[in-house]
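Residue-level listing of the chains:
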Amino acid sequence: MSAPARIDLHTHSTASDGTLSPAELVRAAAAAGLDVVALTDHDTTSGWEPAVAALPPGLTLIRGAELSCRWFGVEPAIPLHLLAYLFDPAEPELAAELARVRRAREERGERIVRLLQADGIRVSWSEILAGAAGGTVGRPHIAQALIRAGLVATTTEAFGPRWLGERYRLPKEDIDVFRAVALVRAAGGVPVFAHPRASRRGRIVPDELIVDLAAAGLAGLEADHEDHSPAEREHVRALAAELGLLVTGSSDFHGTHKTVRLGAFTTGAGAYERIVELARGVTPVASS
Ligand code: AMP
Ligand code: ZN
Ligand code: FE
Ligand code: FE
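Numbering of residues starts from 1 in every chain and runs along the sequence as written. Whichever chain is written first becomes A and whichever ligand is written first becomes 1, with later ones labelled in order. Local features in a predicted model are, by the rule used here, given only for residues with pLDDT of at least 70; side-chain atom pairs are given and counted only at 80 or more, and totals for whole chains, interfaces and linings are based on all residues. Here the side-chain values reflect all heavy atoms present in the structure, with hydrogen atoms and water set aside.

The next point concerns the overall build of the protein chain. When its secondary structure is counted, the protein chain shows 10 helices and nine strands. Computation of the radius of gyration draws on C-alpha atoms alone. For the globule rule, the value is 2.2 Å times the number of residues to the power 0.38. Scaling as 2.2 N^0.38, a compact globule of 288 residues should have a C-alpha radius of gyration of about 19 Å, and the protein chain matches this with 18 Å. With the C-alpha coordinates aligned to their principal axes, the bounding extent of the protein chain is approximately 60 × 40 × 40 Å. By the burial criterion, 53% of the 288 residues in the protein chain qualify as buried. For the protein chain, the proportion of contacts with a sequence separation of at least 24, taken over those separated by at least 6, is 71%. For the purposes of this entry, the term helix denotes a DSSP run of H or I that reaches at least four residues, the term strand denotes a run of E that reaches at least two, and both are numbered from the N terminus. Only protein chains enter the accessibility calculation, which uses a 1.4 Å probe; a residue is then buried when its area is under 20% of its type maximum, exposed when over 50%, and partly exposed in between. For this analysis, residues touch if any pair of their heavy atoms sits within 4.5 Å.

Written out as structure tokens, the structure reads:
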């Protein structure tokens, strides 16, 4: 009997706020013993091509992204993340939304830097942009500047309430989550709600919203994730079963910007096959 496939459907490269290049990421995924890896950089597909070009034999690549979304049903609106798999990156409306969010992230990053500077903290926006090296800019890049300046020791500390977690936290101009689900579907993609119960990161949405999103085309929920407690994972699983949604588990690997390892959480073969069956945008890629 062959060993069950090892499937990790949520990772970040230097195309956003991970620390491995897309090529290094797929090589690391193979070295970690994965059979399938999804590249899901924040609000961009720019890592797809270099990941495909470097794909090692025996590894299947799922091309994806993690969309910065917001639910406007409460005041203030709640930010959330939507994983999108195998969508057509050329679909104009979705591509335009992603470009808009990337620009908004840069403006927001620059405003965070100005807030820090106003308090006498010596960080520079040009240095942070250089650190992002053309990838989607996020708070982990600002966290690195705080570490370089000797103000905090770790990324975790930089995300604490004294820094980027609260005092110097500014909202992004995210995509309305219902619009995001519709755009991903229209682009032939498969939308999965990332870490929906990660209360340790901030406010979470009520289950009633997930019911509405399922009716609007959401395909699945990410249950196994390091930011979910065992009870939260079980809750997500039960909700998915009730709503007929597929369930994933993934590492949300960010290289050295986080401690989690590739393959730390994985997705079952059944859920993976359903994602592939539902997709109409692009196909999984396996190197020949
Ligand atoms: P942003 O997208 O700019 O709002 O930054 C959020 C990113 O920072 C997400 O991709 C998270 O993976 C990462 N992040 C959030 N909280 C933490 C934390 N406590 N430690 C390390 N990374 C974090
Ligand atoms: Zn990230
Ligand atoms: Fe996320
Ligand atoms: Fe992520």
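Here the term donor refers to an N, O or S atom within 2.8 Å of the metal (or 3.2 Å for Na, K and Ca), and because water is left out of the atoms, sites may appear incomplete. Only E66 (OE), H81 (ND1) and H195 (NE2) from the protein reach the iron ion (ligand 3) as donors, at distances of 2.1 to 2.2 Å. When the donor residues of the iron ion (ligand 3) are listed from N- to C-terminus, their spacing reads E-x14-H-x113-H. Between the iron ion (ligand 3) and the zinc ion (ligand 2) the interatomic distance amounts to 5.8 Å. Separated by 129 residues along the polypeptide, E66 in strand β3 (residues 60-71) and H195 in the loop between β6 (190-193) and α8 (207-216) bring together distant segments of the chain. For E66, a relative accessible area of 1% translates into the label buried.

All right, on to the pairing of strand β8 (residues 246-249) then. In short, DSSP must find at least two bridges between two strands for them to pair. The pairing of strand β7 (residues 220-224) with β8 spans four bridges and is classified as parallel. Following the sheet pairing, L221 is matched in β8 by V247.

Turning our eyes to something else, we now look at helix α5 (residues 139-148). Most of α5 sits out of view: seven of its 10 residues are buried. Taken as a whole, α5 has its buried residues at R139, P140, H141, I142, A143, A145 and L146. In the core, the buried residues of α5 are packed alongside α3 (92-118), α4 (125-132) and α6 (155-158). Phi for G150, located one or two positions after α5, is positive at around 75°.

Coordination sphere of the zinc ion (ligand 2), protein contribution only: D17 (OD), D17 (OD), H42 (NE2) and H254 (NE2), at 2.0 to 2.6 Å. Look at where the donors of the zinc ion (ligand 2) fall in the sequence and you get D-x24-H-x211-H. The exposure class assigned to H42 is buried, which follows from its relative accessible area of 6%.

A word on the environment of V247. Within the element layout of this structure, V247 appears in strand β8. Taking the C-alpha atoms as reference, V247 lies 8.3 Å from V236; in sequence the two are 11 residues apart. In this view, V247 contacts L221, A223, R237, A240, T267 and A271; residues no more than four positions away in its chain are not counted.

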